[in-house]
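Residue-level structure breakdown
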Amino acid sequence: TKPLKAFRSLNPLAPVFRPLQRGLLASARKRRVVRAVLGGRDDPVATATAAAALVLGAAACFTYSEVAHPWVVALWDVAKTVATWAFYALGLLLFGPQNWVLARVRA
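The structure displayed is predicted, hence computed values, not measured ones. (Residues numbered from 1 in each chain as written. Predicted model: local features only at pLDDT ≥ 70, side-chain atom pairs only at ≥ 80, totals over all residues. Heavy atoms only, no water.)

Let us look at the confidence of the model for the chain. Averaged over all residues, the pLDDT of the chain is 84; the fraction at 70 or higher stands at 93%. Between the elements of the chain, mean pLDDT differs from a low of 77, seen in helix 3 (residues 97–106), to a high of 91, seen in helix 2 (residues 44–95). (pLDDT = per-residue confidence, 0-100. Helix = DSSP H or I, 4+ residues; strand = E, 2+ residues; numbered from the N terminus.)

Enumeration over the complete set of coordinates arrives at one salt bridge. For Asp77, the salt bridge is made with Lys80, and the minimal N-O distance between the two is 3.8 Å. Of this pair, Asp77 and Lys80 both sit in helix 2, three residues apart, roughly one helical turn. Classification of Asp77 by relative accessible area gives partly exposed; the value is 39%. Given a relative accessible area of 42%, Lys80 falls into the partly exposed group. (Salt bridge = Lys/Arg side-chain N within 4 Å of Asp/Glu carboxyl O. Buried < 20%, exposed > 50% of the residue type's maximum accessible area, 1.4 Å probe, protein only.)

In structure tokens form, the structure reads like this:
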């Protein structure tokens, strides 16, 4: 939004500090709203919604840590083992003993 009145100043640093002051004011307004909602002093519906979202997030984190995380760790271990054996097989195919045998036959 554009201000209704344009302010003039004789201060030579006004062009530097005025945008800084506007940015700080915008940040302070947002912080005041968040602090009021989380502190319960503002709209009760917004406060209840924020509280419900935080409780659901905490429940989701707890559920993941207790139920899903052990399965993820186990699957990750299986994937690491499969990848290791696949790289061993690839190395054997590319650089295995057949290369030594083929080099002896060719020489």
